[in-house]
Amino acid sequence: MAHSEERNEKRESAAKVKPPKRLERLKRPRRKAPADTQNQQQSDEAKLRPAAAIVPPQSVAGRALTLVVAIMSFLACLTVGAVSVVWDAADAWQNDLVREITIQIRPTEGIDMLREIDKAVALAQEFSGIESVRALSDAETKDLLEPWLGDGLQLDGLPVPRLIQITVGDPALLNLAQLRAQVSQQVTGASVDDHSIWTSRLSAMAGAVVVGGFAIMVLVLGSMVLSVVFATQSAMAGNKDVVSVLHFVGAEDSFIAREFQRHFLMLGLKGGVSGGIAAIICFIVVDMLTRQGAGQAGSDQMSALFGSVSVSLPGYFGVFGVVFLVAILTALTSGLAVKAHLAKVD
């Protein structure tokens, strides 16, 4: 009995003692934050948490594809630059040929050559659109024939035609058909050469170069498109589980395709810009080397054919167009490949 009374007294005394404040805080129920505060916290956490990309931004396949796109873009830009140089050279040749006409007078027995030359010069000066008329001297004619006939040429003993050079100021004002007809009628043994054969050949050559350049660009860009298709399929295979989960939980095909398009658009921009910059550097280096090598045989021959081997402003605009086209093609190709793959999964 005594023991039981002592136990009761200890319980009563323990009940009267207040618990520590720490225990009171632990026992108290936590107050719930308001709904607005919870939503604000969740939105802040969502902003701080970076969104994971479906396609890994850095991978061996991605770096390899960037290198392939850069090489293809470099080749396409070089093609554009070469086409621009040839087109400008052909246009300059055509302008020079159109503005120059030659009257050729063949020697005939019993005809005074000097009198016929003066007659042809006077006749040509009467036509509108002609800037100057000049008959080549004996020395100039010898200089023209020396590469084929050698030095010490005597024109008196050879039936060498005499040439009259006509410079056209405005080709639109010159009636070439009338000039040809009057020269052939009034000047004995004379004929007019307007270099139309050479002009047509230059036009055909320039057109062939442009068509060939476009064909090369199509092949290069086609190879790049195939590379992007294979890279997209590789990325789809490497992220098959992620794509499947997104697809089966209700993610639209357009959402998944946009993710891949964004990824490959950046790769295409990096590769295209790298290839374009490399091509521009090559253009500048070639132009500098051509100017520095002036006076040498090879440089003079190149200058005679193409003038100063430098890419004009339209060529540089073409480089920027190629870079833009490469980026767009890369993004579109990846998006179409992803949609085709998801359509097969459905």
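The shown structure was predicted, so the numbers you read here are calculated from the model rather than taken from an experiment.

Engineer: Can you walk me through the overall build of the chain in this structure?
Structural biologist: Counting its regular elements, the chain contains 12 helices and 4 strands. A total of 346 residues make up the chain; the buried ones form 31% of that total. In the chain, 83% of the contacts between residues at least 6 apart in sequence involve partners at least 24 apart.

Engineer: I'm lost on the packing of helix α5 (residues 113-125) against helix α7 (residues 176-186) in this one. Help?
Structural biologist: Geometry of a packed helix pair, given as the angle between the helix axes and the separation of the axes. In contact at an axis separation of 10 Å, α5 and α7 are set at 155 degrees when each is read in the N-to-C sense. By the angle class used here, α5 and α7 are roughly antiparallel. With respect to the hand of their crossing, α5 and α7 are arranged in right-handed fashion. Touching E116, K119, L123 and A124 of α5 are L179, Q182, V183 and Q186, all from α7. Partitioning the contact of α5 with α7 into residue classes produces 4 nonpolar, 2 polar and 2 charged.

Engineer: Where do I start with the environment of A172 in this structure?
Structural biologist: For A172, the position within the fold is in the loop between β3 (162-168) and α7. Residue A172 is classed as exposed on the basis of its relative accessible area, which comes to 69%. Spatially, the C-alpha atom of A172 lies 7.4 Å from that of G129, the residues being 43 residues apart in sequence.

Engineer: Whenever I open this one, the pairing of β3 confuses me. Can you help?
Structural biologist: Looking along a regular strand, one sees the side chains alternate between the two faces of the sheet. Only one face of β3 is buried, namely the one carrying R162, I164, I166 and V168, since none of L163, Q165 and T167 on the opposite face is buried. Relative to β3, strand β1 (residues 100-105) runs antiparallel, the two sharing 6 bridges. Opposite E100, over in β3, you have T167 as the bridge partner. Summarising the sheet, strand β2 (residues 130-135) and β3 pair through 5 bridges and their orientation is antiparallel. Following the sheet pairing, I130 is matched in β3 by V168.

Engineer: Help me out: how do you make sense of the packing of aromatic side chains in this one?
Structural biologist: What describes a pair of aromatic rings is the distance from one ring centre to the other and the angle between the planes of the rings. All told, the structure shown has 1 aromatic pair when counted by the stated rule. Centre to centre, the rings of F283 and Y316 are 6.1 Å apart; their planes meet at 80 degrees, and the pair counts as edge-to-face. You can see F283 sitting in helix α10 (residues 253-292) and its partner Y316 sitting in helix α12 (residues 313-345), a full 33 residues away along the chain.

Engineer: Explain a nonpolar patch on the surface to me, please; I cannot follow it from the model alone.
Structural biologist: Together, V273, I277, I281, V285 and L289 make up a nonpolar patch on the protein surface, roughly 430 Å² of accessible area in all. Position of V273 among the secondary structure elements: in helix α10. For V273, a relative accessible area of 38% corresponds to the partly exposed category.

Engineer: I tried to follow the sheet that holds β3 on my own but got confused; where do I start?
Structural biologist: Note: strands within a sheet are paired through backbone hydrogen bonds, in either parallel or antiparallel orientation. Read across the open sheet, the 4 strands follow the order β2-β3-β1-β4; overall the sheet is antiparallel. Two strands lie at the open edges of the sheet, namely β2 and β4 (190-193), each paired on one side alone. Direction aside, the axes of adjacent strands within the sheet are offset by 20 degrees on average. Contacting β1 and β4, α7 crosses the sheet at an angle of about 160 degrees to β4.

Engineer: Even after reading the chapter, I still don't get the pattern of salt bridges, so can you show me in this structure?
Structural biologist: When their charged atoms lie close together, side chains carrying opposite charge are able to pair. Applying the stated criterion across every chain, the model contains 3 salt bridges. Across the pair E116 and K119 runs a salt bridge whose closest N-O atoms are separated by 3.8 Å. You can see E116 and its partner K119 sitting in helix α5, 3 residues apart, about one turn around the helix. Among the residues examined, E116 registers a relative accessible area of 1% and is labelled buried.

Engineer: Hey, could you run me through the confidence of the model for the chain in this one?
Structural biologist: Keep in mind that low pLDDT regions are not for reading the predicted coordinates in detail. Taken over all residues, the pLDDT of the chain has a mean of 75, while the share at 70 or more is 73%. Note that pLDDT drops below 50 for residues 14-30; the model gives that stretch 1 contact with residues more than four away or on any other chain. Below pLDDT 50 for its whole length, residues 45-50 participates in 0 contacts with residues either more than four positions away or in separate chains.

Engineer: I'm lost on the environment of A90 in this one. Help?
Structural biologist: Assignment of secondary structure puts A90 in helix α4 (residues 60-98). Distance in space between the C-alpha atoms of A90 and A204 is 9.8 Å, their sequence separation being 114 residues. Discounting chain neighbours no more than four positions away, the residues touching A90 are L202, M205 and A206.

What counts as what
Residues numbered from 1 in each chain as written. Predicted model: local features only at pLDDT ≥ 70, side-chain atom pairs only at ≥ 80, totals over all residues. Heavy atoms only, no water. Helix = DSSP H or I, 4+ residues; strand = E, 2+ residues; numbered from the N terminus. Buried < 20%, exposed > 50% of the residue type's maximum accessible area, 1.4 Å probe, protein only. Contact = heavy atoms within 4.5 Å. Axes fitted to C-alpha atoms, helices over the stretch in contact; angles between N-to-C directions. Parallel < 35°, antiparallel > 145°, perpendicular 65-115°, else oblique. Left-handed = near helix turned anticlockwise from the far one by under 90°. Nonpolar A, V, L, I, M, F, W, Y, C, P; charged D, E, K, R; others polar. Pairing = 2+ DSSP bridges. Phe/Tyr/Trp six-rings, centres within 6.5 Å; stacked < 30°, edge-to-face > 60°. Patch = residues over 30% accessible without salt bridge, like charges linked within 9 Å, V, L, I, M, F, W, Y side chains within 5 Å. Areas by Shrake-Rupley, 256 points an atom, 1.4 Å probe, with all protein chains shown as cover. Salt bridge = Lys/Arg side-chain N within 4 Å of Asp/Glu carboxyl O. pLDDT = per-residue confidence, 0-100.

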